[in-house]
Amino acid sequence: MPIGPEIEARDCYRNSAQPLGNDPIGDRIGFLIKTTRIFAMDAVIQSFLAGFPVLLLHLAVTLGILGIGVTIYHLVTPYHELRLIRNGNTAAALSISGAIVGLAIPLAICMATSVNVWDIVIWGIVTLLIQILAYRIGDALLKDLPTRIENGEMGAAILVVSIKLAVSFINAAAVAG
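Residues numbered from 1 in each chain as written. Predicted model: local features only at pLDDT ≥ 70, side-chain atom pairs only at ≥ 80, totals over all residues. Heavy atoms only, no water.

1. With respect to the overall build of the protein chain
Here's step 1: Helix and strand counts for the protein chain stand at seven helices and zero strands.
Here's step 2: Summing over all exposed atoms, the protein chain offers an accessible surface of approximately 10900 Å²; the carbon and sulfur share of this is 69%. (Helix = DSSP H or I, 4+ residues; strand = E, 2+ residues; numbered from the N terminus. Areas by Shrake-Rupley, 256 points an atom, 1.4 Å probe, with all protein chains shown as cover.)

2. Observations concerning the side chain of Thr127
Here's step 1: Secondary-structure assignment places Thr127 in helix H5 (residues 117-141).
Here's step 2: Thr127 sits in the buried class, given a relative accessible area of 1%.
Here's step 3: Beyond its immediate sequence surroundings of up to four residues, Thr127 is in contact with Pro106, Leu107, Cys110, Asn171 and Val175. (Buried < 20%, exposed > 50% of the residue type's maximum accessible area, 1.4 Å probe, protein only. Contact = heavy atoms within 4.5 Å.)

3. So, the packing of helix H4 (residues 90-113) against H5
Here's step 1: Across the interface, H4 lies against H5 with an axial gap of 9 Å and an inter-helix angle of 155 degrees. One finds that H4 runs roughly antiparallel with respect to H5. Considering only the axes of H4 and H5, their crossing is right-handed. Contacts from Gly102, Leu103, Pro106, Leu107, Cys110, Met111 and Thr113 of H4 reach H5 at Asp119, Ile120, Trp123, Gly124, Thr127, Leu128 and Gln131. (Axes fitted to C-alpha atoms, helices over the stretch in contact; angles between N-to-C directions. Parallel < 35°, antiparallel > 145°, perpendicular 65-115°, else oblique. Left-handed = near helix turned anticlockwise from the far one by under 90°.)

4. Remarks on the packing of aromatic side chains
Here's step 1: Throughout the structure, instances matching the rule amount to two aromatic pairs.
Here's step 2: A centroid spacing of 5.3 Å and a plane angle of 75 degrees characterise the contact between Tyr73 and Tyr135, whose relative ring orientation is edge-to-face. Linking Tyr73 in helix H2 (residues 24-76) with Tyr135 in helix H5, this pair joins segments that are 62 residues apart in sequence. (Phe/Tyr/Trp six-rings, centres within 6.5 Å; stacked < 30°, edge-to-face > 60°.)

5. As for the nonpolar core
Here's step 1: Among the nonpolar cores identified, the biggest contains 16 residues, and Tyr73, Tyr79, Tyr135, Leu145 and Ile149 are the most heavily contacted of them.
Here's step 2: At the level of secondary structure, the elements contributing two or more residues to this core comprise H4, H5, helix H6 (145-150) and helix H7 (154-176).
Here's step 3: For Leu145, the residues in contact, after removing those within four places along its chain, are Tyr135, Gly138, Asp139, Ala156 and Val160.
Here's step 4: Counting nine residues, the second largest nonpolar core, distinct from the first, contains Val61, Ile65, Val117 and Leu128. (Core = buried A, V, L, I, M, F, W, Y, C linked by side-chain atoms within 4.5 Å.)

6. Points about the packing of H5 against H7
Each packed pair of helices is defined by two parameters, the angle between the axes and the distance between the axes.
Here's step 1: Interhelical geometry of H5 versus H7 gives an angle of 150 degrees and a closest axis separation of 10 Å. Between H5 and H7, the crossing angle belongs to the class labelled roughly antiparallel. Remark: the crossing between H5 and H7 carries right-handed chirality. Counting all contacts with H5, which are made through Thr127, Ile130, Gln131, Ala134, Tyr135 and Gly138, the residues of H7 involved are Ile163, Lys164, Val167, Ser168, Asn171 and Val175.
Here's step 2: A breakdown of the residues in the contact of H5 with H7 according to their chemical character gives six nonpolar, five polar and one charged. (Nonpolar A, V, L, I, M, F, W, Y, C, P; charged D, E, K, R; others polar.)

7. Some details on empty space enclosed by the protein
Here's step 1: Evaluation of the coordinates by the stated rule reveals one cavity of 30 Å³ or more.
Here's step 2: Taken as a whole, the largest cavity holds about 50 Å³ of empty space.
Here's step 3: Lining the largest cavity, in full, are Tyr73, Gly98, Ala99, Gly102, Leu103, Gln131, Ile132, Tyr135 and Lys164.
Here's step 4: Listed by contribution, the elements that provide at least two residues to the lining of the largest cavity are H4 and H5.
Here's step 5: For the lining of the largest cavity, the leading source of residues is H4, giving four residues.
Here's step 6: Across the lining of the largest cavity, the residue classes tally to five nonpolar, three polar and one charged. (1 Å grid on protein atoms, 1.4 Å probe; cavity = no way out; pocket = protein on both sides within 12 Å on 5 of 7 lines; lining within 4 Å. Points joined across faces, edges and corners; volume = space filled by probe spheres on them.)

8. Notes on the confidence of the model for the protein chain
Here's step 1: The share of residues in the protein chain with pLDDT of 70 or more is 77%, and the mean pLDDT across the chain is 82.
Here's step 2: When the criterion is pLDDT under 50, residues 1-17 qualifies, and its contacts beyond four places in sequence or with other chains add up to 18 contacts. (pLDDT = per-residue confidence, 0-100.)

9. Quick word on H7
Here's step 1: A rise of 1.5 Å per residue sets the reference length of H7, with its 23 residues, at 33 Å; its end C-alpha atoms lie 32 Å apart and thus fit the reference within 8%.
Here's step 2: Buried within H7 we find Ala156, Ala157, Val160, Val161, Ile163, Lys164, Ser168, Asn171, Ala172 and Val175.
Here's step 3: Positive phi appears at Gly177, one or two residues downstream of H7, with a value of about 65 degrees. (Expected span 1.5 Å × (residues − 1).)

Below, the structure is given as structure tokens:
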């Protein structure tokens, strides 16, 4: 007499709309199909239950690192981008948008290639530092970058976004190895 999930599968089959007929082979095939479906669905559910908390943890850690990175970025910029954006400065909006996307790309690769949450934390911090350094290099290349952004110069904003994104893609590829 079978025990465990097999009884449940057989009970499901016997209680289904299809009555047991005089065809023992058809009955066995139907039973095997139902049993396979139950076991396959059980594996999917078990996989979800095991993986979903890990997904939430990795997502929360990555978003937390992104938030820290954006905060640090705001601290190293000599102008207040949010205030400039509220006053209609499109160059500031473009600059901060490029910074956020530039910070997010390597973090996404960190999360995608991570072995565990510490992998995300360690490499996430490294990628953030590289991105902040890229901003400082862009600032050095473009004289008076903060003043140009404050004045709404779109050319300066586009160039600095290009630098941030280029470094971001290279940074992400280096992390992916």
